[in-house]
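Single-letter residue listing:
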Amino acid sequence: MSRHDPRLPLDPRARQLLRTLVSQYVADGQPVGSRALARTSGLDVSPATIRNVMSDLEELGLVAAPHTSAGRVPTVQGYRVFVDSLLELRPLGEPQVEELRRELPAVATTPDLLNSASSLLSQVTHFVGVVTVPRHQEVPFRHIDFVPLDQRRTLVILVFVDGQVQNRVIELERAYTASELEQVSNFLNAQFSGQRLDEIRLRLLRDMQETSNQMNRLMATTVELAQAAFQTPPQPDMFVAGQTNLMGVHDLSNLERLRELFEAFQRKRDLLAVLERCARAEGVRLFIGEESGFAALDNYSLVTAPYGVEGRVLGVLGVIGPTRMAYDRVIPVVQATAQILSGALNRNQTPQ
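Residues numbered from 1 in each chain as written. Predicted model: local features only at pLDDT ≥ 70, side-chain atom pairs only at ≥ 80, totals over all residues. Heavy atoms only, no water.

*Asks:* When you look at the overall build of the chain in this model, what are you seeing that I'm missing?
*Replies:* Of regular secondary structure, the chain possesses twelve helices and ten strands. Taken over 352 residues, the chain has a buried fraction of 46%. Sequence separation of 24 or more characterises 62% of the internal contacts of the chain that already satisfy a separation of 6 or more. Accessible surface computed for the chain: about 17,600 Å², of which carbon and sulfur atoms make up 48%. (Helix = DSSP H or I, 4+ residues; strand = E, 2+ residues; numbered from the N terminus. Buried < 20%, exposed > 50% of the residue type's maximum accessible area, 1.4 Å probe, protein only. Contact = heavy atoms within 4.5 Å. Areas by Shrake-Rupley, 256 points an atom, 1.4 Å probe, with all protein chains shown as cover.)

Rendered as structure tokens:
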């Protein structure tokens, strides 16, 4: 990943001019000239001196002069230096956090919460909000019922602690009586309610090895039914809101770029791979332009933060917008929304 080496010296004057240039370009989207910098930087220097500093910053790869414009714009490396060492980030105040909290439903299933979070991020930032969906293995289950349909097909009714109810039709190796199905559901509900599906599978296999021969028949039946019932079916892998917001951004008017990104939203696979990398990192992650390694995001920035329950990461949420975004505003919003969503999920996933 190409970026400015933070060890390269930038004197206070160059730092202030770069900070001013990025802030002004973010505000109005126009290349910033030396005269404008002289007026707004707060430095007592001439436009000629500023032009010299701009030339130095251009040699370092931090700014560029588009076309024949007399002004300059920040590069990806320039934005990176700005975010890493020149940006002053302030957490949202309690009134702002409370306002965000009110926008998420107080009582809702996990999918509804995640969908609301993506819409909230889009609404507040005016960019694209994305939230990845946790795998169902990560959500504790509360109750299970089996209903025989015909000789080998059985309806599974799974209730999770976050309020989700799933109906799945499974096909089994042999027919089971209603009595056998009831015995297995009673056993699973008594022994495993409140546990995650992956934990249940491991415990069942271990218990089966430890039980006596007399119990093996029930355990074998339970394992077969549980394995079929707890298979994770296809599900939405992320919620996306506000894609059309990007159509109105001045520096994203290139329709080909937008088409590539919209196609990426449809395919999801590559974008999910980027988001899963973010889930493995602590705190806020920021990819600017080509830093993500995903071509469809080369002209965009992605700001993410993980969310989860009881210290366990379930997924990430974030914002996709132009590289010319107000990072000092977007980053705290993403951070606060992740904390609010985690709090809501913690309340949801507490077994009643």
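*Asks:* I tried to follow the sheet that holds strand β6 (residues 165-171) on my own but got confused; where do I start?
*Replies:* Across a sheet, strands are paired by hydrogen bonds formed along the backbone, either parallel or antiparallel in direction. Spatially, β4-β5-β6 is the arrangement adopted by the three strands of the open sheet, whose pairing is antiparallel. Only two strands of the sheet have a single partner each, and these edge strands are β4 (141-148) and β6. Taken pair by pair, the neighbouring strands of this sheet meet at an average axis angle of 20°, ignoring direction. (Pairing = 2+ DSSP bridges. Axes fitted to C-alpha atoms, helices over the stretch in contact; angles between N-to-C directions.)

*Asks:* Would you mind showing me how to read the nonpolar core here?
*Replies:* In a soluble, globular protein the nonpolar side chains are often hidden away together inside. Formed by 79 residues in total, the largest nonpolar core has its most connected members in Leu18, Leu57, Ile320, Tyr327 and Leu341. Per-element tally for this core: the top contributor is helix α12 (residues 327-348), with eleven residues. The contact partners of Leu18, leaving out residues within four places of it in the chain, are Leu10, Leu57, Leu62, Val63, Gly78, Val81 and Leu86. Membership of the second largest hydrophobic core comes to 23 residues, among which are Leu172, Tyr176, Val184 and Leu188. (Core = buried A, V, L, I, M, F, W, Y, C linked by side-chain atoms within 4.5 Å.)

*Asks:* What is the right way to look at the packing of aromatic side chains in this model?
*Replies:* Here a ring pair, both rings aromatic, is described through the centre-centre distance and the interplanar angle of the planes. Under the counting rule described, the total for this entry stands at two aromatic pairs. A ring pair is formed by Phe187 and Phe192, whose centres lie 6.0 Å apart and whose planes are at 70°; its orientation type is edge-to-face. Across from the ring centre of Tyr176, 3.9 Å away, lies the NZ or CZ of Arg174, which sits over that ring. A cation sits over an aromatic face here: Arg324 above Tyr25, 6.0 Å from the ring centre. (Phe/Tyr/Trp six-rings, centres within 6.5 Å; stacked < 30°, edge-to-face > 60°. Lys NZ or Arg CZ within 6 Å of the ring centre and 35° of its normal.)

*Asks:* What is the right way to look at the sheet that holds strand β3 (residues 128-132) in this model?
*Replies:* Pairing within the open sheet is antiparallel, and its five strands lie in the order β7-β3-β10-β9-β8. The strands lining the two open edges of the sheet, one partner per strand, are β7 (238-241) and β8 (285-288). Between one strand and the next, the sheet's axes are offset by a mean angle of 15°, whatever the strand orientation.

*Asks:* Could you clarify how one ought to interpret a nonpolar patch on the surface in this entry?
*Replies:* Judged by side-chain polarity, Val147, Leu149 and Val169 come together as a nonpolar surface patch covering roughly 230 Å² of accessible area. Checked against the element boundaries, Leu149 lands in the loop between β4 and β5 (153-160). (Patch = residues over 30% accessible without salt bridge, like charges linked within 9 Å, V, L, I, M, F, W, Y side chains within 5 Å. Salt bridge = Lys/Arg side-chain N within 4 Å of Asp/Glu carboxyl O.)

*Asks:* What is the right way to read unusual backbone geometry from this model?
*Replies:* Residues apart from glycine generally show negative phi values, whereas peptide bonds are mostly found in trans. Backbone geometry at His126 places phi at a positive 65°, although glycine is not the residue there. Relative to the assigned elements, His126 resides in the loop between α6 (110-125) and β3. Since its relative accessible area comes to 52%, His126 is described here as exposed.

*Asks:* Would you mind showing me how to read the side chain of Thr75 here?
*Replies:* Examined against the element boundaries, Thr75 turns out to sit in the loop between β2 (73-74) and α4 (76-86). The buried category is assigned to Thr75, whose relative accessible area is 16%. Not counting the four nearest positions on each side in its chain, Thr75 is found in contact with Gly61, Leu62, Val63 and Ala64.

*Asks:* Just to check I follow, could you spell out the pattern of salt bridges for this structure?
*Replies:* Note that side chains of opposite charge can pair when their charged atoms are close. Tallied over the full model, the rule gives seven salt bridges. Across the salt bridge formed by Glu58 and Arg72, the nearest N and O atoms sit 2.9 Å from each other. Of the two residues, Glu58 is situated in helix α3 (residues 47-59) and Arg72 in the loop between β1 (63-64) and β2; the sequence distance between them amounts to 14 residues. Take Arg72: its relative accessible area is 13%, and that puts it in the buried class. Between Glu180 and Arg174 there is a salt bridge, and its shortest N-O distance comes to 3.2 Å. Among the residues examined, Glu180 registers a relative accessible area of 23% and is labelled partly exposed.

*Asks:* Please explain the packing of helix α5 (residues 94-103) against α12 as it appears in this structure.
*Replies:* The geometry of α5 relative to α12 is characterised by a closest axis approach of 10 Å and an angle of 50° between their N-to-C directions. Between α5 and α12, the angle falls in the class oblique. Relative to α12, the crossing made by α5 is right-handed. Every residue of α12 that contacts α5 at Val97, Leu100 and Arg101 is listed here: Ala336, Thr337 and Ile340. (Parallel < 35°, antiparallel > 145°, perpendicular 65-115°, else oblique. Left-handed = near helix turned anticlockwise from the far one by under 90°.)

*Asks:* I tried to follow the environment of His126 on my own but got confused; where do I start?
*Replies:* Through-space distance from the C-alpha of His126 to that of Gln243 is 9.5 Å; in sequence the pair is 117 residues apart. Contacts of His126, omitting those with residues within four sequence positions, involve Leu121 and Asn245.

*Asks:* Just to check I follow, could you spell out helix α1 (residues 12-28) for this structure?
*Replies:* Side chains that are three or four residues apart share a direction in an α-helix, a result of its 3.6 residues per turn. Between its terminal C-alpha atoms α1 stretches 24 Å, which fits the 24 Å expected from 17 residues at 1.5 Å a residue. Those residues of α1 that fall on the buried side of the exposure criterion are Ala14, Leu17, Leu18, Thr20, Leu21, Val22, Gln24, Tyr25 and Val26. Those residues of α1 that are buried lie in contact with α2 (34-40), α3, β1, β2 and α4. With a side-chain oxygen lying 3.1 Å from the backbone nitrogen of Arg13, the N-terminal cap of α1 falls on Asp11. Two residues or fewer past α1, Gly29 is found with a positive phi of approximately 75°. (Expected span 1.5 Å × (residues − 1). Polar contact = N/O pair within 3.5 Å; in protein donor to acceptor, adjacent residues only side chain to side chain.)

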